[in-house]
Structures are given as structure tokens and as C-alpha cells.
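Structural overview
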Amino acid sequence: MKPVPHATSLRRAPVQRRSAERLTRILDACADLLDEVGYDALSTRAVAQRAGVPIGSVYRFFGNKKQMADALAQRNLERYAERVTERLRGARQGDWRAAMDAVLDEYLAMKRTAPGFSLVDFGNQIPVGSRAEPNHRVADRLADLLSDHLGRTPDEDLSRALLIAVETADTLVHLAFRVTPEGDPKVIEETRELLRAYLGRVLD
């Protein structure tokens, strides 16, 4: 079973397996409907119907659709971290370029294939908080994931460098997907080269 969001994003954390599975169905339904109708037309009732659960089950976990979308964003971040971690297992220890390729490639893969991701990603596409908050969350998570691989302490310098890289990549990847639906390959390659040039000053 896929991980569910941290309990702080929920009104009530699932305790039993059945409850956790119901929460997973609710978030899956939310993701599918975001792709189909968009955030403005999304409703908790429609999510409940798609998930095959009583409306009360949705309200047991979420007070409104904003909280539900934020929980989906948190789940996206957990799944993203799992994908990056798996990629790092096959990379040479200390190879930050391979690590950055994994970070960018897995984000692109989720943007192309994960339901609802184009609207929610890690929380910065719809009003679930300030734009800066999700990018800080991603940068902090990457600092934790990459510090061992890079043989570095997750200190202020590394965190700042990764935050700048995340903010830059966020802007340019969104540009790539505005140019073409699957992400313009030339813009993506320029993004990759820009990140390498910047991070080389910090990590080499």
C-alpha cells in the first residue's frame, strides 16, 4: 500500500489498515478528478463518489478540498523522495551530477504520469499555502536525501544551494511544459546545464 500523508495534514490520522486504504482511495480519486475537472470544479462530494466512500469518510480526514489537495501534495513529495532514493542506490557515491539527474528526471516523470500532479505537484500550483513553502519543503527533503550520498553535512550552505536549485528548476520546468504538453526537451536540457553550472560551484 502506498504511504499516506503525515498525520499533521489530516483532521484524523488513519489507525487501522481499512481506514488507511480508504484514505488512499480518497486521495487517488482527488488526483484523478483534478485532471478531469480542475481545482475550481473539484468537490468533496465528487471525490467521495469517485472513491466509493460516504461523504462523511472524506470529512473525517479533511475539512475542505484545500486540505485534501495539500495532503495529495504531501503524498506526492513522499513518492518523489522514494523514487529519488531508489535512483541513488544505483549511482556512484559522491556523484552529485548523477544525483541531480535523478532529482530532475524523477520530477519530470511524475509531472508526465502522476494523476493530478500537473495541478498540485508539491503544493505550489493551487492555493494550499504560499508558493515558497512547498519549494522550501522540497529543498529540505532533498538536503536530507542527498547529504549522505554526497558525503556532506546538511548545513546551511547545502540547504541554500538546493533551495536556489529547486526554485530555478521549478520555474524552468513549468516553462518547458507551457511550451509543449510533454515538456520542451530543449528547455529541459538548458535547465539541466544551468543546474550543473550553478551546483558545480558549490559541490565540486
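Procedures and definitions
- Residues numbered from 1 in each chain as written.
- Predicted model: local features only at pLDDT ≥ 70, side-chain atom pairs only at ≥ 80, totals over all residues.
- Heavy atoms only, no water.
- Helix = DSSP H or I, 4+ residues; strand = E, 2+ residues; numbered from the N terminus.
- Contact = heavy atoms within 4.5 Å.
- Areas by Shrake-Rupley, 256 points an atom, 1.4 Å probe, with all protein chains shown as cover.
- Buried < 20%, exposed > 50% of the residue type's maximum accessible area, 1.4 Å probe, protein only.
- Phe/Tyr/Trp six-rings, centres within 6.5 Å; stacked < 30°, edge-to-face > 60°.
- Lys NZ or Arg CZ within 6 Å of the ring centre and 35° of its normal.
- Core = buried A, V, L, I, M, F, W, Y, C linked by side-chain atoms within 4.5 Å.
- Expected span 1.5 Å × (residues − 1).
- Axes fitted to C-alpha atoms, helices over the stretch in contact; angles between N-to-C directions.
- Parallel < 35°, antiparallel > 145°, perpendicular 65-115°, else oblique.
- Left-handed = near helix turned anticlockwise from the far one by under 90°.
- Nonpolar A, V, L, I, M, F, W, Y, C, P; charged D, E, K, R; others polar.
- Arc of directions from axis to C-beta.

When helices and strands are tallied, the protein shows 9 helices and 0 strands. Walking the protein from its N terminus toward its C terminus, one meets helices and strands in the order α-α-α-α-α-α-α-α-α. Put simply, 66% of the contacts in the protein that link residues at least 6 apart link residues at least 24 apart. Accessible area of the protein: about 10300 Å², with a carbon and sulfur share of 49%.

Attention now goes to the environment of Val-202. Mapped onto the fold, Val-202 is located in helix H9 (residues 185–203). Classification of Val-202 by relative accessible area gives partly exposed; the value is 24%. Each C-alpha atom, one on Val-202 and one on Asp-157, is 8.3 Å from the other, the two residues being 45 residues apart in sequence.

Here the focus is the packing of aromatic side chains. Both the distance between ring centres and the angle between the ring planes are used here to describe each pair of aromatic rings. This model, assessed by the stated rule, comprises 6 aromatic pairs. Pairing Tyr-107 with Phe-122 gives two aromatic rings, centres 5.8 Å apart and planes at 40°, and the pair type is tilted. Linking Tyr-107 in helix H5 (residues 96–113) with Phe-122 in the loop between helix H6 (117–120) and helix H7 (132–150), this pair joins segments that are 15 residues apart in sequence. Under the relative-accessibility criterion, Tyr-107 is labelled buried at 9%. One aromatic cluster is present, built from ring pairs that chain together Tyr-80, Tyr-107, Phe-117 and Phe-122. Lying across the ring of Tyr-39, Lys-65 places its NZ or CZ 4.6 Å from the centre.

So, about the nonpolar core. Counting residues in hydrophobic clusters, the biggest one holds 37 residues, and the most contacted among them are Tyr-80, Leu-142, Leu-146 and Leu-199. Ranked by the residues each element gives to this core, the list is headed by helix H8 (residues 156–179), at 10 residues. For Leu-142, the contacting residues outside a window of four places in its chain are Tyr-80, Val-103, Leu-162 and Val-166. Among the nonpolar cores identified, the runner-up in size contains 23 residues, and Cys-30, Ala-51, Val-53 and Leu-72 belong to it.

Our focus in this paragraph is H8. Each full turn of the α-helix corresponds to 3.6 residues, which orients residues three or four apart in the same direction. A rise of 1.5 Å per residue sets the reference length of H8, with its 24 residues, at 34 Å; its end C-alpha atoms lie 35 Å apart and thus fit the reference within 8%. Along H8, the positions that sit buried rather than exposed are Leu-158, Ala-161, Leu-162, Leu-163, Ala-165, Val-166, Ala-169, Asp-170, Val-173, His-174, Ala-176 and Phe-177.

Despite not being glycine, Asp-121 shows a phi value in the positive range, around 30°. Tracing the chain through its elements places Asp-121 in the loop between H6 and H7.

Remark: helix H4 (residues 65–89) packs on H5, axes separated minimally by 9 Å, with the N-to-C direction vectors making an angle of 135°. With respect to H5, the element H4 is oriented oblique. By crossing handedness, the relation of H4 to H5 is classed as right-handed. Across the interface between the two elements, Asn-76, Arg-79, Tyr-80, Arg-83, Val-84, Arg-87 and Leu-88 from H4 touch Ala-99, Asp-101, Ala-102, Val-103, Asp-105, Glu-106, Tyr-107, Ala-109 and Met-110 from H5. A breakdown of the residues in the contact of H4 with H5 according to their chemical character gives 9 nonpolar, 1 polar and 6 charged.

Inspection of helix H2 (residues 44–51) places Thr-44, Val-47, Ala-48 and Ala-51 among the buried residues, and these make up the whole buried set. Buried positions in H2, seen along its axis, are confined to an arc of 100° and lie on one side of it. Among the exposed residues of H2, those oriented more than 90 degrees off its buried face are Arg-45 and Gln-49. Looking at the packing, one finds that the buried side of H2 touches helix H1 (17–37), helix H3 (55–61) and H4. Following H2 by one or two positions, Gly-52 has its phi on the positive side, about 70°.

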